[in-house]
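Listed below are the residues making up each chain.
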Amino acid sequence: MSSTSTTAYDQGVNVVLPPTDQTQRQPEASADGLSQEEARQRLARYGYNELTEEKVHPLRKFLSYFWGPIPWMIEAAAVLSLIVRHWVDFGVIFALLVFNAMIGFWEEYQAGNAIAALKRKLALKARVKRNGGWISIAARELVPGDLIRLRLGDIVPADAKLTEGDYLTVDQSALTGESLPVEKKPGEVAYSGSVIRQGEMEALVTATAANTFFGRTAKLVEKAGAVSHFQKALLTIGDYLIYMSLGLAAVLILTLLFRGQDPLEVFQFVLILVVAAIPVAMPAVLSVTMAVGALALARMKAIVSRLQSIEEIAGIDILCSDKTGTLTQNKLTLGEPVPFGNVDAQALVLAGALASKEEDADAIDSAIIDGLPDRKLLETYTQEKFTPFDPVHKRTEAEIKGSDGKSFKVTKGAPQVILDLCRPEAELARQVDAKVEEFAARGYRTLGIARCEEGQPWRFLGVAPLFDPPREDSAETIQSAVEHGIAVKMITGDNMAIAKQVSRQLNLGTNIHVAEEFFQRDFKPESISASMSAQVEAADGFAQVFPEHKFDIVEVLQRRGHIVGMTGDGVNDAPALKQADVGIAVSGATDAARAAAALVLTAPGLSVIVEAVEEARKIFERMNSYAIYRITETIRIMFFVVLAMLAFNFYPITAIMIILLAFFNDLPIMAIAFDNTWLEPKPVRWDMRRVLSVSTVLGLIGVIETFGILLIAMRWMDLSVAQLQTFIFLKLAVAGHLTLFVARTKRPFLTKPYPAPLVLWSAIVTKLAATLLVAYGFGFVTPISWSAIGFVWGYCIVWIFIEDWAKLDVYRHLQSSGSRHRRLLDRWHKSGRPFQAGGGFRNT
């Protein structure tokens, strides 16, 4: 087979894709497709139609957790313990090393399983002919020799030679870089990974998996992604803690060496202190929190394609929603048809049914066919040729042969398009327009239907009204979205009358604009005036929207400083879904739309999106709580230990106690992914000023309270140095998790939502273990009396209320300054200065 030449016809550029070895060979096939048995044999021979990922052996993966800057620091501490013959320290440090590796390995394994489960739910499907009938199978099960059907919106699942049909228009930009779709004809090859833009054809699979053109090139390509807000937050927090810890460690090392301390013991202690202070597990804990949340979203019929998109979902403040299928039921039913001329209603519906293709399961086609009084009427006709609907021509057409052997054509589509095709008299055109307007005012969609006898012009037969009623839960869900701080804008390709009728029914408001009022062919978002962008922002919806308009709407709203969610289902929606902060592929979306979306819905309706937003905000709050807690603990431990050693010239806690503290703190914190949390009523985003302000205040209070109990113990309690170290260890252990209960909510910590049982009991168990450890020692620490233990618990419980009061005061202060900031933003909006990505505004 010769190589396929694909032409970017508007530019006169030929882009030739080299054929693979397998595409040059014609696999054995038959008109009825493969049998299931033959398909199984070929599957065993060729393998699954998927690119194999290089999987790392679990043992090798586990060992990798012993390699890297943090493990090296722990290993160095272990070696130093051996050198100075601190055998207990060595044993506990080694246990910490293995423990960190096991936790990291397990959490990554769990997150990987979650992502794999989500990917399985997003697996592509293919229409294939097996045993003479068309069935839907997973695209990974295709084999060379399969007959497949390709239609508008499909991602081509394998290299396939086109066999039957008129034409396809294919987007090969992912393979060739061409900006324009190319036309394909029978005998040419459609390559795996390309997207069908127009048309419908059958094709013979010639190559699968790594043997496809896409498979050969995929191994040479690595996608480079922009740093997400989540990754930026991690980097900010990590840098803050690492620089602070290393700075304090340097001060401590220089001071202790100057005082003549043993260098080996100094470096061992400081290494352990830094390891305990730096949040080594933070990326893993936050990733698992998102993975657990993603599984919860999947149970709600909302699948995230990237874990980081959960953060954007939590921050949506404008949702641009498709009307059909999202706000409405997408269950079109045929109303009372209106024939024109010497035509009865049954003949009108029959012509519309003949211009349909039942096996395509198109909603409009199904509504027309279901409207026939007797479906057996179709059996007396043969559909010789069928041209499916496409967004450009906006009609279907079929060549029909009747039982008498006579041929004729039928078509159905947008009334204006069918009228232009038939060119009727002005009076008939006026009557049709009036009837279409009448139906539109009632929320009906109308189809024009025409027939053409052989050698005769097209004759307009009449209009068929179709009604797609609003979903029962749409109005209530929109109200719920508004209460969650999300403005809903309806986006529809229907005319203004239908848009306003549906909008009134849903209480969305009637400030609806025709998209072309703002977005002309050569529209550029940066050139839009301030008043016009404000009108876009204030609109309740847009009518007569083309796919390219969706992209422009999203970009204008983003320039106004909004986090925008955009729903879509078609291949032409893919650019807008990609541009949106959260592209949402609705239930039944094409493969191309699902591939571009951050959130894929598997259940119809808007309520799924609102539920997903609620869950995403809860996930975000869990991550936010953990970040505040972890920064607080680092500040508390590092500042206290360093300042205490500078002030009193002794170790307030031992190296082994620091390690044990890491054990006791890290075990329960992993339960944060399952915690109950307050649902924020408004959209949320990473606010590093808030995170660092709250955690710094809580951390410094922790330093003060620890110094307070240290001074009390030194002044009034008869404790040896070893007992004093045990005393301080218990204080840090108990106060740590009490602080978690403070950090996990912006409200008073004793109010709802209460901690999840797993969080509560993991904290109780570890604190009881710490209490028993300091009471009996077990060879790790010097025991202290139960009265001293009781004093520590009482002291920490008193201080938790002080910490809670300080936290609430910080939040009140931040909220007050935030209100002033929002008023400033409003003034900027009114001034017309566009929002600039990366923060702030720029002068116009």
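Model, not experiment: these values are computed from the prediction.

(A) Summary view of the overall build of the protein chain. When helices and strands are counted, the protein chain shows 28 helices and 25 strands. Scored against the burial criterion, the 844 residues of the protein chain give a buried share of 52%. Across the protein chain, contacts joining residues at least 24 apart in sequence account for 72% of those joining residues at least 6 apart. By element, 56% of the accessible surface of the protein chain is carried by carbon and sulfur atoms, the whole surface being about 38,000 Å².

(B) Structural view of helix α13 (residues 345–354). By the criterion of burial, α13 is predominantly enclosed, with seven of the ten residues buried. The distance from a side-chain oxygen at the start of α13 to the backbone nitrogen of Gln 346 is 3.3 Å, and the residue carrying that oxygen is Asp 344.

(C) Main features of the packing of helix α23 (residues 607–648) against helix α26 (residues 721–743). For the pair α23 and α26, interaxial distance at closest approach is 9 Å and the crossing angle is 155°. Taken together, α23 and α26 sit at an angle that is classed as roughly antiparallel. Of the two elements, α23 crosses α26, and the hand of that crossing is right-handed. Contacts from Ser 625, Ile 628, Tyr 629, Thr 632, Glu 633, Arg 636 and Phe 640 of α23 reach α26 at Ile 728, Lys 731, Leu 732, Ala 735, Gly 736, His 737, Thr 739, Leu 740 and Ala 743.

(D) Local environment of the pattern of salt bridges. For the structure on display, the rule yields 25 salt bridges. With a shortest N-O distance of 2.9 Å, Glu 633 and Arg 636 are connected by a salt bridge. Pair noted here: Glu 633 and Arg 636 are both in helix α23, with a separation of three residues, about one helical turn. Pair check on accessibility: Glu 633 and Arg 636 agree, each one buried. Here the residues in one salt-bridge network are Glu 633, Arg 636, Glu 705, Lys 731 and Glu 803, joined through shared partners.

(E) Layout of the packing of aromatic side chains. A complete count under the given rule lists 14 aromatic pairs for this structure. For the pair Phe 439 and Tyr 444, a centre-to-centre distance of 5.7 Å together with 50° between the ring planes defines the contact as tilted. With relative accessibility at 18%, the residue Tyr 444 sits in the buried group. Each member of the aromatic cluster is reached from another via a ring pair, and the members are Phe 640, Phe 648, Phe 650 and Phe 707. Residue placement shows Arg 140 over the ring face of Tyr 48; its charged tip is 3.8 Å from the ring centre.

(F) Spatial organisation of the sheet that holds strand β23 (residues 564–568). If you walk across this open sheet you meet the eight strands as β11-β25-β24-β23-β12-β20-β22-β21, and the pairing is mixed. The two strands at the open ends of the sheet, each matched to only one other strand, are β11 (302–304) and β21 (512–514). Taken pair by pair, the neighbouring strands of this sheet meet at an average axis angle of 20°, ignoring direction. As paired elements, strand β24 (residues 582–585) and strand β25 (residues 599–601) share two bridges and run parallel to each other. By the bridge assignment for β25, Ala 585 is matched with Val 600. Of the strands in this sheet, β12 (318–322), β20 (487–491), β22 (541–543) and β23 touch helix α20 (residues 547–559), which is tilted by about 170° from β23.

(G) Structural detail: the side chain of Arg 560. With respect to the helices, strands and loops of the structure, Arg 560 is situated in the loop between α20 and β23. With relative accessibility at 7%, the residue Arg 560 sits in the buried group.

(H) Main features of the nonpolar core. Counting 140 residues, the largest nonpolar core has Phe 269, Leu 273, Leu 599 and Phe 729 as the members making the most contacts within it. Per-element accounting of this core gives the leading share, 22 residues, to α23. Every residue in contact with Leu 599, bar those within four places of it in the chain, is listed here: Ala 302, Ile 303, Val 304, Ile 313, Val 582, Gly 583, Ile 584, Ala 585 and Ala 612.

(I) Structural context of a nonpolar patch on the surface. A contiguous nonpolar surface patch, about 640 Å² in accessible area, is contributed by Val 88, Leu 772, Tyr 776, Phe 778, Phe 780 and Trp 786. One can find Phe 780 in the loop between α27 (757–776) and α28 (786–831).

(J) Inspection of the environment of Asp 360 at higher detail. Mapped onto the elements, Asp 360 comes out in the loop between α13 and α14 (363–370). As a C-alpha pair, Asp 360 and Pro 388 span 28 residues in sequence and 9.4 Å in three-dimensional space. In contact with Asp 360, other than residues within four places in its own chain, are Arg 149, Arg 151, Glu 200 and Phe 386.

(K) Seen up close, the confidence of the model for the protein chain. Within the protein chain, residue pLDDT values average 80, and 83% of them lie at 70 or more. With pLDDT under 50 throughout, residues 217–226 is counted as low confidence; its partners more than four residues away or in other chains account for two contacts.

(L) Spatial organisation of the environment of Pro 748. Mapped onto the secondary structure, Pro 748 falls in the loop between α26 and α27. As for Pro 748 and Trp 805, which are separated by 57 residues in sequence, their C-alpha atoms are 7.9 Å apart. For Pro 748, the residues in contact, after removing those within four places along its chain, are Asp 804 and Leu 808.

(M) Structural detail: unusual backbone geometry. Cis geometry is adopted by the peptide bond preceding Pro 753, which originates at Lys 752 and carries an omega value of 0°. One can find Pro 753 in the loop between α26 and α27. Look at Asn 507: it is not a glycine, yet its phi comes out positive at around 60°. Structurally, Asn 507 is set in the loop between α18 (496–505) and β21. For Asn 507, a relative accessible area of 66% corresponds to the exposed category. We note that Gln 544 has phi near 50°; this positive angle belongs to a residue other than glycine.

The rules behind each value
Residues numbered from 1 in each chain as written. Predicted model: local features only at pLDDT ≥ 70, side-chain atom pairs only at ≥ 80, totals over all residues. Heavy atoms only, no water. Helix = DSSP H or I, 4+ residues; strand = E, 2+ residues; numbered from the N terminus. Buried < 20%, exposed > 50% of the residue type's maximum accessible area, 1.4 Å probe, protein only. Contact = heavy atoms within 4.5 Å. Areas by Shrake-Rupley, 256 points an atom, 1.4 Å probe, with all protein chains shown as cover. Polar contact = N/O pair within 3.5 Å; in protein donor to acceptor, adjacent residues only side chain to side chain. Axes fitted to C-alpha atoms, helices over the stretch in contact; angles between N-to-C directions. Parallel < 35°, antiparallel > 145°, perpendicular 65-115°, else oblique. Left-handed = near helix turned anticlockwise from the far one by under 90°. Salt bridge = Lys/Arg side-chain N within 4 Å of Asp/Glu carboxyl O. Phe/Tyr/Trp six-rings, centres within 6.5 Å; stacked < 30°, edge-to-face > 60°. Lys NZ or Arg CZ within 6 Å of the ring centre and 35° of its normal. Pairing = 2+ DSSP bridges. Core = buried A, V, L, I, M, F, W, Y, C linked by side-chain atoms within 4.5 Å. Patch = residues over 30% accessible without salt bridge, like charges linked within 9 Å, V, L, I, M, F, W, Y side chains within 5 Å. pLDDT = per-residue confidence, 0-100.

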